[in-house]
Amino acid sequence: MEIIDRQNESDSLMIQATARLLYNRADTIDMMQWIIVITLPLLRLFFVQNIFLDYFMMVWFLASFVFDYYIDKYTEIAAELKKSFDYYVFGWNDNYQKKLIYLCQKYKVRKEYFFKTQTEHSGSDTPKGVKDWYTIIEKNSSKNEAIKSAMKENIYFDKRINNIAHLLIIILILVVAFVFSISGISFYEVLFGLFITFASLTKKLYLTFINLKKVNIINSNIENLLCNNEVDLIYLQSEIDKKRSISGTTNKFIYFFKTKKIHKEVSNLKNN
């Protein structure tokens, strides 16, 4: 099967490794943001009237937009690399764009050990890598069925990871709501706290929740359309490309802890 062979070619593995490197960078910045926006309100509980903390919270609110820029930038480039990988592996393109290969080569010479590890291991290995990316494709499948299987695997991984992230966000929102409800402060003070004192946390919660919701809607739409034998696969791929460019989702830490279990579940899907 062409997909099985193409996904493990040297350029394909390099493209995938670079995409993972950039997604990891975006996730690292995202996690730093979460740590800071959760820590600041906790510090406020202990230092109610601290002018230095006030200044830091104002500076951080502005700095968060810079961090958001880099998260979006790395996510956008990684999504473009993933798109080029799929279009080549699925046989819709005959080769990779030279500018993308050159970009990957620049990262590869700087991160030689990372690329070696990523390209020599699969997702179920230790350490995890990008080899054998699509695992549930049957060798005797037609091209369209193979592409559908690859898309189903993509959606399954995405939904399993993002459902956990969605749950964690909801729990955090409920904890914040509970703290405010037992604090005995007025409704005005609650609004003031959410949009002034804790503006960074409110902004982060809102944007992450909305982005996860967008991805879930796209995944559900793709999953339903995959049941249609006449579906336009290039349209479905464009939807996958769209969701990959949405930042702050598919967290790498959840992926790290859940990937082996999800790989096992995907293997069972293949056998059913």
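Keep in mind that what you see is a predicted model, and the values were worked out from it rather than measured. (Residues numbered from 1 in each chain as written. Predicted model: local features only at pLDDT ≥ 70, side-chain atom pairs only at ≥ 80, totals over all residues. Heavy atoms only, no water.)

Draft legend 1. Local environment of a nonpolar patch on the surface. Together, L167, L168, I171, V175, F178, V179 and I182 make up a nonpolar patch on the protein surface, roughly 670 Å² of accessible area in all. As for its placement among the helices and strands, V179 is situated in helix α6 (residues 143-183). (Patch = residues over 30% accessible without salt bridge, like charges linked within 9 Å, V, L, I, M, F, W, Y side chains within 5 Å. Areas by Shrake-Rupley, 256 points an atom, 1.4 Å probe, with all protein chains shown as cover. Salt bridge = Lys/Arg side-chain N within 4 Å of Asp/Glu carboxyl O. Helix = DSSP H or I, 4+ residues; strand = E, 2+ residues; numbered from the N terminus.)

Draft legend 2. Region of interest: empty space enclosed by the protein. This structure, assessed with the given rule, holds one cavity of 30 Å³ or more. In this structure, the largest cavity encloses a volume near 50 Å³. Among the elements of the structure, α2 (10-46), α3 (51-89) and α8 (199-225) are those that each provide at least two residues to the lining of the largest cavity. Among the elements that take part in the lining of the largest cavity, α8 stands out by supplying three residues, more than any other. Residues of the lining of the largest cavity, tallied by class, amount to two nonpolar, three polar and two charged. (1 Å grid on protein atoms, 1.4 Å probe; cavity = no way out; pocket = protein on both sides within 12 Å on 5 of 7 lines; lining within 4 Å. Points joined across faces, edges and corners; volume = space filled by probe spheres on them. Nonpolar A, V, L, I, M, F, W, Y, C, P; charged D, E, K, R; others polar.)

Draft legend 3. Highlighting the nonpolar core. Residues I3, I15, F90 and M151 are the most contacted members of the largest nonpolar core, which totals 40 residues. Sorting the residues of this core by element identifies α2, α3, α4 (98-110), α6, α8 and α9 (233-244) as the ones contributing at least two each. Setting aside residues up to four positions removed in sequence, F90 forms contacts with I3, Y134, K143, I147, A150, M151 and Q237. Core analysis: the next-biggest nonpolar cluster, separate from the first, contains 18 residues, A165, V176, F180 and I262 among them. (Core = buried A, V, L, I, M, F, W, Y, C linked by side-chain atoms within 4.5 Å. Buried < 20%, exposed > 50% of the residue type's maximum accessible area, 1.4 Å probe, protein only. Contact = heavy atoms within 4.5 Å.)

Draft legend 4. Main features of the packing of α3 against α8. It is at 10 Å that the axes of α3 and α8 come closest, and there the two elements cross at 25°. With respect to α8, the axis of α3 lies roughly parallel. Every pair of crossing elements has a handedness; the one defined by α3 and α8 is right-handed. On α8, the residues that touch W60, F61, S64, F65, D68 and I71 of α3 are A199, S200, K203 and K204. Taken together, the residues that form the contact of α3 with α8 break down as five nonpolar, two polar and three charged. (Axes fitted to C-alpha atoms, helices over the stretch in contact; angles between N-to-C directions. Parallel < 35°, antiparallel > 145°, perpendicular 65-115°, else oblique. Left-handed = near helix turned anticlockwise from the far one by under 90°.)

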